[in-house]
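Architecture at a glance
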Amino acid sequence: MEPTKEVSPDLSAFLASAVHDMKNSMGILINFLETNLPELAPEAQKKAAPMLYEVKRVNDNLIQMLAIYKIGNRFYPFDLAENSIGEFVREVAEQNKKLLEYSGITLEVDFDEELAWHFDYELISGVICHALNNAMHYTQNKLRLSVKEDNGELVIRVEDNGGGYPASVLEAGNAVGKGVDFASGSTGLGLYFSSMVAKLHKNCGKTGSISLENGGKYGGSCFILRLP
Amino acid sequence: MYIPSNTSSLFVGKKFLIIDDFQGMRSLLREMLKSFGTREIDTVTNGKEAIAFLEKNKYDVVLCDYNLGSGKNGQHILEEAKYRELVSLATVWIMITAEKTADLVVGAAEYMPDDYIIKPVNEATMRSRLEKALAKKEILVDIAKAARDKDYDRTLALCDKALASSKTNTTELQRIKTGTLLSMGRYDRAQQEFEQILAKRDVPWAKTGLGKTYFYKGELEKAQQIFRDIINENPAFLEAHDWLAQTYEKAGDLEEAQRALVRCTELSPNSVIRQRNLGEIAHKCGDLETAENAFRKTIKLGQFSIHKTPAAYLGLAKICSENDTPGEALQILKDVHKEFENAETSLHAKVLEGMVYKKAGDRINSEKVSKEVASLVKADNGHHSASIMLDAAQLFLATGNKEAAENIAQTLVKNNHENTQLLAQVNDLYSQAGMSAMGEAIVNKSRQEVIAINDRGVIMAKEGKLEEAMRLLGEARTLLPDNKRIMINLANMAVMSMRQNGKSSDLQQIADECLKQVAQLDPQEKWCAQFQIALDAIPD
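Residues numbered from 1 in each chain as written. Chains lettered and ligands numbered in written order. Predicted model: local features only at pLDDT ≥ 70, side-chain atom pairs only at ≥ 80, totals over all residues.

**A closer look at the overall build of chain B**
The number of helices and strands found in chain B is 26 helices and five strands. Whereas a compact globule of 540 residues would reach a radius of gyration of roughly 24 Å, chain B reaches 26 Å, a difference of no more than 12%. The principal-axis extent of the C-alpha atoms belonging to chain B is close to 85 × 65 × 45 Å. Burial statistics for chain B: of 540 residues in total, 45% are counted as buried. Within chain B, contacts between residues separated by at least 24 positions form 54% of all contacts whose residues are at least 6 apart in sequence. (Helix = DSSP H or I, 4+ residues; strand = E, 2+ residues; numbered from the N terminus. Rg over C-alpha atoms; globule rule 2.2 N^0.38 Å. Buried ≥ 20, exposed ≤ 12 C-beta atoms within 10 Å, placed from the backbone. Contact = placed C-beta atoms within 7 Å.)

**Digging into the confidence of the model for chain B**
Residue and element names in this part refer to chain B. Within chain B, residue pLDDT values average 89, and 98% of them lie at 70 or more. Residue range residues 1–6 is modelled with pLDDT below 50. Its contacts to residues more than four positions away, or to other chains, number four contacts. As a predicted assembly, this complex carries a pTM of 0.83 together with an ipTM value of 0.80. (pLDDT = per-residue confidence, 0-100.)

**Observations concerning the environment of Asn-57 of chain B**
Residues and elements named next belong to chain B. One can find Asn-57 in the loop between helix H2 (47–56) and strand S3 (61–65). Residues Asn-57 and Lys-15, 42 residues apart in the sequence, show an inter-C-alpha distance of 9.1 Å. Filtering out sequence-adjacent residues up to four positions away, Asn-57 remains in contact with Lys-15 and Asp-42.

**Looking at the confidence of the model for chain A**
Residue and element names in this part refer to chain A. For chain A, the mean per-residue pLDDT works out to 85, and 91% of the residues sit at or above 70. Put simply, helix H5 (residues 167–176) is where chain A has its lowest mean pLDDT, 81, and strand S5 (residues 153–160) is where it has its highest, 96. In this model residues 182–186 is a low-confidence stretch, pLDDT under 50, and it forms five contacts with partners more than four residues away in sequence or in other chains.

**Some details on helix H19 (residues 386–398) of chain B**
Residues and elements named next belong to chain B. The end-to-end C-alpha separation of H19 is 18 Å, in line with the 18 Å expected for 13 residues at 1.5 Å each. The element H19 is largely enclosed, with a buried count of ten among its 13 residues. For H19, the full list of buried residues reads Ile-388, Met-389, Asp-391, Ala-392, Ala-393, Gln-394, Leu-395, Phe-396, Leu-397 and Ala-398. The inward-facing, buried residues of H19 abut helix H17 (343–359), helix H18 (363–379), helix H20 (402–415) and helix H21 (420–432). (Expected span 1.5 Å × (residues − 1).)

**Observations concerning the interface of chain B and chain A**
On the side of chain A, 26 residues touch chain B, which itself brings 27 residues to the contact. The set of elements that each furnish at least two residues to the side of chain B that touches chain A consists of helix H4 (102–106), helix H5 (123–148) and helix H7 (170–183) of chain B. Broken down by element, the side of chain B that touches chain A gets its largest block of residues, four residues, from H5 of chain B.

**Re helix H13 (residues 272–285) of chain B**
Side chains that are three or four residues apart share a direction in an α-helix, a result of its 3.6 residues per turn. All names here are of chain B. In this model, H13 (14 residues) spans 20 Å end to end at C-alpha, consistent with the 20 Å of a helix rising 1.5 Å per residue. For H13, every residue scored as buried is listed here: Val-272, Arg-274, Gln-275, Arg-276, Asn-277, Leu-278, Gly-279, Glu-280, Ile-281, Ala-282 and His-283. The elements touched by buried residues of H13 are helix H11 (238–250), helix H12 (254–267), helix H14 (288–302) and helix H15 (310–322). Remark: Gly-286 follows H13 within two positions and exhibits a positive phi of approximately 85 degrees.

**Examining the environment of Lys-177 of chain B**
Residue and element names in this part refer to chain B. Structurally, Lys-177 can be placed in helix H7. In the structure, Lys-177 is positioned 58 residues away from Lys-119 in sequence and 33 Å away in space, judged by C-alpha atoms. Beyond its immediate chain neighbours, meaning those up to four positions away, Lys-177 contacts Leu-156, Cys-159 and Glu-193.

**Looking at the pairing of S5 of chain A**
Residues and elements named next belong to chain A. In this sheet, S5 lies alongside strand S4 (residues 142–150) in antiparallel orientation, the contact comprising eight bridges. Bridge pairing in S5 links Lys-148 to Val-155. Where S4 folds back on S5, the antiparallel hairpin that results is connected by two residues, among which Asn-151 adopts a positive phi of roughly 55 degrees. (Pairing = 2+ DSSP bridges.)

**Focus: the packing of H15 of chain B against helix H16 (residues 326–339) of chain B**
Residues and elements named next belong to chain B. Between H15 and H16, the shortest axis-to-axis distance is 7 Å and the interhelical angle comes to 165 degrees. On the basis of the axis angle, H15 is roughly antiparallel to H16. H15 and H16 meet at a crossing whose hand is left-handed. Across the interface between the two elements, Pro-310, Tyr-313, Leu-314, Leu-316, Ala-317, Cys-320 and Ser-321 of H15 pack against Pro-326, Glu-328, Ala-329, Ile-332, Leu-333, Asp-335 and Val-336 of H16. Taken together, the residues of the contact of H15 with H16 sort by class into eleven nonpolar, one polar and two charged. (Axes fitted to C-alpha atoms, helices over the stretch in contact; angles between N-to-C directions. Parallel < 35°, antiparallel > 145°, perpendicular 65-115°, else oblique. Left-handed = near helix turned anticlockwise from the far one by under 90°. Nonpolar A, V, L, I, M, F, W, Y, C, P; charged D, E, K, R; others polar.)

**With respect to the sheet that holds S4 of chain A**
All names here are of chain A. With respect to topology, five strands assemble into an open sheet ordered S2-S4-S5-S9-S8, the strand pairing being mixed. Only two strands of the sheet have a single partner each, and these edge strands are strand S2 (106–111) and strand S8 (209–215). Strand-to-strand twist across the sheet, computed as the mean angle between neighbouring axes with direction ignored, equals 15 degrees. Of the strands in this sheet, S2 and S4 touch helix H3 (residues 85–103), which is tilted by about 175 degrees from S2. Here helix H4 (residues 121–138) sits on the sheet and contacts S4, S5 and strand S9 (220–227); the angle it forms with S5, its principal contact strand, is near 25 degrees.

**Considering unusual backbone geometry**
Residues and elements named next belong to chain A. One non-glycine residue with positive phi stands out, namely Arg-74, at about 60 degrees. Within the fold, Arg-74 resides in the loop between helix H2 (42–72) and strand S1 (80–84). The phi dihedral of Asn-151 is positive, around 55 degrees, even though this residue is not glycine. Along the polypeptide, Asn-151 turns up in the loop between S4 and S5.

**Considerations on the nonpolar core**
Ala-317, Ala-392, Ile-408 and Leu-490 of chain B are the most contacted members of the largest nonpolar core, which totals 188 residues. Residues within four places of Leu-490 of chain B in sequence aside, it is in contact with Met-470, Leu-473, Gly-474, Arg-477, Ile-510 and Cys-514 of chain B. By size, the runner-up hydrophobic cluster in this structure holds five residues, among which are Ala-49, Leu-52, Leu-99 and Tyr-102 of chain A. (Core = buried A, V, L, I, M, F, W, Y, C linked by C-beta atoms within 7 Å.)

**Some thoughts on the packing of H5 of chain B against helix H6 (residues 152–165) of chain B**
Residues and elements named next belong to chain B. With their axes 8 Å apart at the nearest point, H5 and H6 run at an angle of 160 degrees to one another. In terms of orientation, H5 and H6 fall into the roughly antiparallel class. Where H5 crosses over H6, the handedness of that crossing is left-handed. Here Ile-139, Asp-142, Ile-143, Ala-146 and Ala-147 of H5 lie close against H6, whose contacting residues are Arg-154, Thr-155, Leu-158, Cys-159 and Ala-162. Each residue belonging to the contact of H5 with H6 can be placed in one class, and the counts come to seven nonpolar, one polar and two charged.

Right, dumping it as structure tokens:
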């Protein structure tokens, strides 16, 4: 019998659809945890909180992979719309509220209620939630999200009161903005995604960017996103 | 810590409809809405039920899942509800979706939801999006009403007032304002507005608007350049692809238009209208394979859509005939009579039936159908759409029915004497039948006749004999009910006469009818908007 010839599948499309499916499952899992954790005793809640944290991390990563795939294939419906900063900050804070509570971390927000800015809501909210999630891992007990206009740019800062980024991460953070190849493995998916999203935001000859530094109000690590 | 502000007054007394095929999701949404203070909530599980509920009730907010399994999807329901005015301008429509798609985000403005929420849905997002959308509707509902009623001056005034008094909704207001200027044919003003917006913020909708002004002004190369720039920067921006295709088509570059439409349908694979456009352009380009595929998709998608269109059936029948599968062509044409209970469409199907027989070499049947069509057309005084008339003329010529062909060609030319594209098509039909000299003679003679009447009318009007001029053009209009130039001149004369002698209900009616019909024949006719403004300015 002749061996049947297999048509080589479109692997990237297959992966994208698998990621999509996994993302939906993660969504259900997150909903389940957020609904059921409050019913546990406080001690058990604290023990279970890392589970929610990890599930959210996986979810973030899947969302990022999907977005990177779509942007790369020129299919991402980039939605440059005017958004109220007040609404944006409140929504981001609310999305992370439960996890912060379980983990005993307080989030301070600082923003201009009147401010509105043009950006793709889903992408920027993805970047900031990811940055908050990261910071939760490194902080002692405080996070700060500040959104201000500075010199014609929107500056979003995520700061914590932990020990700050190690030198290797700072280096990677500075390199990603200068076009270092993701495939070389020198930067994480999160940084790559954040930088890609920042660069999609352009206005009148200026382009968005990200940077990492240590310091800020609490002297810990700071993730900074600038949008023109 | 963030404490939700007490805005439950926005929710109280509002009527909600939830459309979702999953029981779990329906109860989740219902519980959320209840916790916001809502009491009146209906839930349905599919498109059919949704339409039935929308027909019976007036809702303030519709929460609709995009993917509803088989049958209509969320976008189909939204389009049908808007098209049939089952929802009012004040209704908030929020689409809930697993995936952000180009249709939802950058699709056709008139069929876009007010907002979309990407799953998983959480209470905080739902609440804040609903509050935002409801507050926005309250501010914009008067403006939306004025815009729908085509009360342009009022729309502009309301937009300016809102822009001056509030910092929120700036983009939405600017979009309505510039859109109104385009509808009024005030392209220079619109261009100025777009350029001002773009100087501050490089947003694709405003850049697309600038491209549209160039398109309307006939500066097609500039328009093309702008649409291409937008697509370079923002590859999935659907509206720019749509307009790029239109611009290429208008410039006569059908192959580029097809390429742009192919990209459109990749980004928006479920749009009936885009698939149909692709089918028609590909057919004109002679790319039968692409055209056939696109028409088949159009028919399949149209099953659930308000945009279901006979054009796809007729186009596919033509292609099947060209591909020498007359059996399928005849079957499709039979379906047309069933699927669209409409005399005009049935007539068109009949015309094509004759052509299919002719192509298949069935002389007896083709001549029989040709005669039937000729008597139908004669009975209706030739008052049909240009595409039917062209196909009918082709059938008459192919079956040797010269007299019927000449009648129809004359009517076509006289009704469209300034439409160079159509005149060329009539000439082509005669050349293909090996009678180019005859075709040219018919086209020229008929054209001259109309021009002569029109000129006479305009001269009379200039000499101040308005009444006589209107009588002449009024008679011409009865004979040539689709001639835009005659109607525009007639409307203009009615306006002039009322300016001199005050308002008269007869003249008002003539002007209204003419403008309405011209707008129907050619939505892009810029004179319409200008005469409408002049007409509205006449004091009672």
